[in-house]
Each structure stands twice: as structure tokens, then as C-alpha cells.
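Tertiary structure, described
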Amino acid sequence: MPVDTKDLENTIRNLLPVTHLEIEDQSNGCGENYSIILVSEAFEEKTTLARHRWINELLKDQIAQMHAFSQKTFTPKQYQAYLAKGAST
Amino acid sequence: MFRTSLRSSLRIVRPSAPAALAASRLVAARRFLSDDARAQIQKAVTASPMVLFMKGTPDYPECGFSRAVIQILGLHGVPADKLKTYNVLEDPELRSGIKEFSEWPTIPQLYVKGEFIGGCDILLGMHQSGELEDLLEKNEIIPKVEESSEAPAS
């Protein structure tokens, strides 16, 4: 069962406070391969590993239906820094 | 060669995570991952200072994410004798078992000194932030470099 981008977005937004969310379907529409950038204040004081574990757990059902799932997790502050760095290079 | 206490400690197959949390999870996990399989994986993750569960082999990775991790480790000059890799495509039991064991849904998975570090996204992030180099140095997988080797801006 493929995963719909819109469903995935709704699921994420329902589960945690989202400052910014980018979902990229890298599978040309078959819904098997997603890459997300997720910015949330809920990531404060969590290590990257803890964040990813948490997201993996929240999206367990969806990830089980995919071939590949890639995530970048930022706090709002980290995301500003990430954008600034991207702009300067 | 590694921990001589390992053999005896294999009797205790519960992961070292907080006991209360682990206990509830274990009930669910146990249906899939037998104590025996868990013990074997525990042995595997400590078989070398660095252990990578991947698709394919370092010379012939069979997945882009596994390839990326191999390339990152290569960039840091991780010596072959410190890294042991397991090809999960050759072992369906290991492929599902390691996911349960690590409570991590994807391959590749990297362990350093028996501790789960993460998959491709985490490794890439740690590589970019410099944390990976610190981790590798701290665990004596690569030699410490002096400060002068700060990479020139490209």
C-alpha cells in the first residue's frame, strides 16, 4: 500500500507541533520513497537519535509501507542556522 | 578478543535500556525475536569496534543509503580492521532481527563499541557537524589529528 503525501503530512501535523514541514516524494509518485524536513519546537533538548527514534515510532505504520524514508529534524533555531548556512555557500 | 565477560553476560538478553521501558517492549518484541536470536545479535554488534549492518558489501553496496555510509566512513579513513560489516541481504533473519534489536526500522545501522549510533541520515548529519569525527577519535577508531589540519574552505 503506497503512502499518500497529503496523508503523511496530515499525520505528522496531527502528532506534533510543526513549525515547518517539507515532504519530498522521491519515488516519482509511487509513494514508496519519502524524504522529509521537519522543524518542531518539540525537538528541543532531544538528540538527533532520540528525535529520529521518536519520528520512526510516530510514523511506524507509514514507514512500514515504504521502501525508503529519510528525515532531517531541526528545532526552529537550528533550522534558521541551517537556512543561513545554505544561503551563504 | 573483545569482552571476555561477553559469553557469560549473554545469559542476560534484555537490552540495557531502562528496565521498565524495555520490559513492556520486550513482551511485544519477543514474539518476533527469540532470546537466542537476540543473544546472537548482541554478540554481532560487539564483534568489532565498529559494526555496520548494510545491504551489500563495502566493495559492492546494494543500496544508496548503505553506499553513502560506506563513503562517509571512507572519508574519515576508518581502517578496514576496525569495521565489520554484515550483509543483511544474505540473511533474512538478521535483516528483520536487527530492526527489532535496535528498534530502528531501516538499514543501514551503525554500531560503535556495541552502541547504536544511527542510520544514514544520522551519520550524514554527524559527519557534517563534526560529531562523527569526535566519536571516531574518542573510540580510537581513527587517530586524533592536531588542530592544524582544519580543512581549508572550498
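Note that the structure is predicted; figures quoted are calculated from it, not measured.

Conventions and cut-offs
- Residues numbered from 1 in each chain as written.
- Chains lettered and ligands numbered in written order.
- Predicted model: local features only at pLDDT ≥ 70, side-chain atom pairs only at ≥ 80, totals over all residues.
- Heavy atoms only, no water.
- Phe/Tyr/Trp six-rings, centres within 6.5 Å; stacked < 30°, edge-to-face > 60°.
- Buried < 20%, exposed > 50% of the residue type's maximum accessible area, 1.4 Å probe, protein only.
- Helix = DSSP H or I, 4+ residues; strand = E, 2+ residues; numbered from the N terminus.
- Lys NZ or Arg CZ within 6 Å of the ring centre and 35° of its normal.
- Contact = heavy atoms within 4.5 Å.
- Polar contact = N/O pair within 3.5 Å; in protein donor to acceptor, adjacent residues only side chain to side chain.
- Pairing = 2+ DSSP bridges.
- Axes fitted to C-alpha atoms, helices over the stretch in contact; angles between N-to-C directions.
- Buried area = accessible area lost by both parts, 1.4 Å probe.
- Salt bridge = Lys/Arg side-chain N within 4 Å of Asp/Glu carboxyl O.
- Nonpolar A, V, L, I, M, F, W, Y, C, P; charged D, E, K, R; others polar.
- Parallel < 35°, antiparallel > 145°, perpendicular 65-115°, else oblique.

1. Focus: the packing of aromatic side chains
Tallied over the entire structure, the rule returns nine aromatic pairs over all chains. The interplanar angle of 35 degrees and the centroid separation of 4.6 Å between the aromatic rings of Phe 74 of chain A and Tyr 82 of chain A together place this pair among those described as tilted. By relative accessible area, which is 12% here, Phe 74 of chain A ends up buried. Between Phe 101 of chain B and Tyr 111 of chain B, the ring centres sit 6.3 Å apart and the planes meet at 50 degrees, which makes this aromatic pair tilted. Separated by 10 residues along the polypeptide, Phe 101 of chain B in helix H5 (residues 92-102) and Tyr 111 of chain B in strand E3 (residues 109-112) bring together distant segments of the chain. Each member of the pair, Phe 101 of chain B as well as Tyr 111 of chain B, carries the same accessibility label: buried. Site record: aromatic cluster; members linked through ring pairs are Phe 53, Tyr 86, Phe 101, Trp 104, Tyr 111 and Phe 116 of chain B. The lysine or arginine in question, Lys 46 of chain A, covers the ring of Trp 54 of chain A, its NZ or CZ lying 4.5 Å from the ring centre. A cation over an aromatic ring shows up here: Lys 84 of chain B above the ring of Tyr 86 of chain B, its NZ or CZ 4.8 Å from the ring centre.

2. Things to note about the environment of Thr 11 of chain A
Residues and elements named next belong to chain A. Examined against the element boundaries, Thr 11 turns out to sit in helix H1 (residues 5-15). Along the primary structure Thr 11 and Leu 59 are separated by 48 residues, whereas in three dimensions their C-alpha atoms are 7.9 Å apart. When sequence neighbours within four positions are dropped, the list of residues in contact with Thr 11 reads Leu 59 and Gln 62. Of note is the side chain of Thr 11, whose polar atom sits 2.6 Å from the backbone oxygen of Asp 7.

3. Topic: the sheet that holds strand E2 (residues 33-39) of chain A
All names here are of chain A. Pairing is mixed across the open sheet formed by three strands, whose spatial order is E1-E2-E3. Each having just a single partner strand, strand E1 (20-25) and strand E3 (68-74) make up the two edges of the open sheet. Taken over all neighbouring pairs, the strand axes of this sheet differ in orientation by 10 degrees on average, direction set aside. Here E2 runs beside E3; their pairing, made up of seven bridges, is parallel. Within the sheet, the bridge partner assigned to Ile 37 lies in E3 and is Lys 72.

4. As for the interface of chain A and chain B
At the interface, 11 residues of chain A touch 11 residues of chain B. Summed over the three residues of chain A that lose the most area to chain B, namely Leu 49, Arg 53 and Asn 56 of chain A, the buried surface amounts to 43% of that side. Summed over the shared surface of chain A and chain B, the number is zero salt bridges. In this structure, the connection of chain A to chain B is made through four residue pairs in polar contact (both at pLDDT 80 or more). Secondary-structure elements contributing two or more residues to the side of chain A that touches chain B are helix H2 (48-58) and E3 of chain A. With five residues, H2 of chain A is the single largest residue contributor to the side of chain A that touches chain B. Class assignment for the residues of the side of chain A that touches chain B results in four nonpolar, six polar and one charged.

5. Focus on the packing of helix H6 (residues 120-129) of chain B against helix H7 (residues 131-138) of chain B
Residue and element names in this part refer to chain B. Packing of H6 against H7 brings their axes to within 5 Å, and their N-to-C directions diverge by 90 degrees. Judged by the angle between their axes, H6 and H7 are roughly perpendicular. Contacts from Leu 123, Met 126, His 127 and Ser 129 of H6 reach H7 at Glu 131, Leu 132 and Leu 135. Classifying every residue of the contact of H6 with H7 by side-chain character gives four nonpolar, two polar and one charged.

6. Let's talk about the sheet that holds E3 of chain B
Residues and elements named next belong to chain B. If you trace the four strands from one edge of the open sheet to the other, you get E2-E1-E3-E4, paired in mixed fashion. Looking at the sheet topology across the chains shown, the edges are occupied by strand E2 (83-87) and strand E4 (115-118). Sheet twist, expressed as the average angle between the axes of neighbouring strands with direction ignored, equals 25 degrees. Inspection of the sheet shows strand E1 (residues 50-54) paired to E2 by five bridges, in the parallel sense. Following the sheet pairing, Met 54 is matched in E2 by Asn 87. On the sheet, helix H3 (residues 35-45) packs against E1, E2 and E3 and is oriented at approximately 125 degrees with respect to E1.

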